[in-house]
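# Structural overview
Here is what each chain is made of, one letter per residue.
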Amino acid sequence: MTPTLEIVDLVKHFGPVRAVDGVSLTVGVGEVVGLVGESGSGKSTLGRCVTRLVPVTSGQVRIRGRDIALLSRRALRPLRRDFTIVFQDPSSSLNPRMTVGDIIAEPLRLHRLGSAATRRARVIDLLDQVGLPADVVRRYPHELSGGQRQRVSLARALSASPSLLVADEPTSALDVSVQASVLNLVGRLQRDLGFACLFITHDLASVEFLAQRVAVMYLGLLVEIADRAELFAAPRHPYTQALLSAAPIPDPAVQRARRRIVLSGDVPSPVDPPPGCRFHTRCPVAVERCAVDVPPLRPVGPAGALVACHLVDDDGTAPEVSAAMPAPSLGS
Ligand code: SF4
């Protein structure tokens, strides 16, 4: 079956900044793929390229088999109903001068879907699906709480029944108390409606909750792609191991017993990324070769995982990065 999203060798440079530098990733029909990485990894830029909010430098973005990467705005317009994005901060993505009803109905109007009466009925139905009462239809975004506004964003994003939702940190601007309920809602809507989802976040717990597969991004490149259970049980790339070691665990005893791998230094500048493996300036197990040879993202192990690290064997055996290891020994 044709995947809902196929990203092929996608590149996005902002002048000298190599934000995304050759990324390939697929999201199958009805699949949720989590895209994780620190800020500055390029993950949000990738989401914006996929939804064509920023122009793509090169590569392909195939949505249900059709490459939209370089289509003109005009050619793109009728296809836009099929993919959509929800942002981190609902207050800046909702038009403050429009009522909730008009906001949710806007994609239906733009794509001339249904009559005014069927659109009104669809808005009420969507409000119900996202857990909001019908009477918010006449309210304005500023009259709602942050969690309610994000529910409106989701209703708007899903109103034209897209096959792909890109969710860019959809809960991180919300109060901790409402994050879980919005995350639950995204999961329930995804299961009920069956759209494919690229879920972009730095929060590994939400990826573990929602995603079937996980892609890890570092400095414009993917370094590991694996099934969720496999990745959380046995991360292979040293960067993934470090990320997971830093993620909070709900059980305080396990949390106390665990040793966090502290990476030295900041993410290097994407203007002048390190040669060889881009992670070598921070990798606790780097060897001489890492500063010279670029490790390709290649299949390892029996379950179809992809990892870009010289020290991971073809059978999937990976170097164990321990918390006690010293800072990287190689310069940039
Ligand atoms: Fe570390 Fe080398 Fe593997 Fe890169 S290729 S992650 S520097 S061991």
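Bear in mind the structure is a predicted one, so any value in this text is a computation, not a measurement.

What the domain assignment lists for the protein is domain 1 (5–211) and domain 2 (235–307). Of note, the centres of domain 1 and domain 2, computed from C-alpha atoms alone, are 28 Å apart. Every contact between the two is made by nine residues of domain 1 and, on the other side, 10 residues of domain 2. For the pairing of domain 1 and domain 2, the buried interface totals around 860 Å² over both sides, and the portion due to carbon and sulfur atoms is 59%.

Moving on to the site of the ligand. Within the structure, the ligand sits among 13 residues, and Cys277, Cys283, Cys290, Cys309 and His310 are positioned closest to it. Mapping the ligand onto the cavity grids shows that it belongs to the largest cavity. Taken together, the residues of the shell around the ligand break down into 10 nonpolar, three polar and no charged.

On to the layout of surface pockets. Volume-wise, the largest pocket comes out at about 690 Å³. Of all elements in the fold, only strand 6 (83–86), helix 4 (100–110) and helix 6 (146–158) reach the threshold of two or more residues within the lining of the largest pocket. Here the lining of the largest pocket is composed, by residue class, of 13 nonpolar, six polar and five charged.

What counts, and at which threshold
- Residues numbered from 1 in each chain as written.
- Predicted model: local features only at pLDDT ≥ 70, side-chain atom pairs only at ≥ 80, totals over all residues.
- Heavy atoms only, no water.
- Domains from an automatic or database assignment.
- Contact = heavy atoms within 4.5 Å.
- Buried area = accessible area lost by both parts, 1.4 Å probe.
- Near = heavy atom within 4 Å.
- 1 Å grid on protein atoms, 1.4 Å probe; cavity = no way out; pocket = protein on both sides within 12 Å on 5 of 7 lines; lining within 4 Å.
- Sits in = over half its atoms within 2 Å of the grid points.
- Nonpolar A, V, L, I, M, F, W, Y, C, P; charged D, E, K, R; others polar.
- Points joined across faces, edges and corners; volume = space filled by probe spheres on them.
- Helix = DSSP H or I, 4+ residues; strand = E, 2+ residues; numbered from the N terminus.

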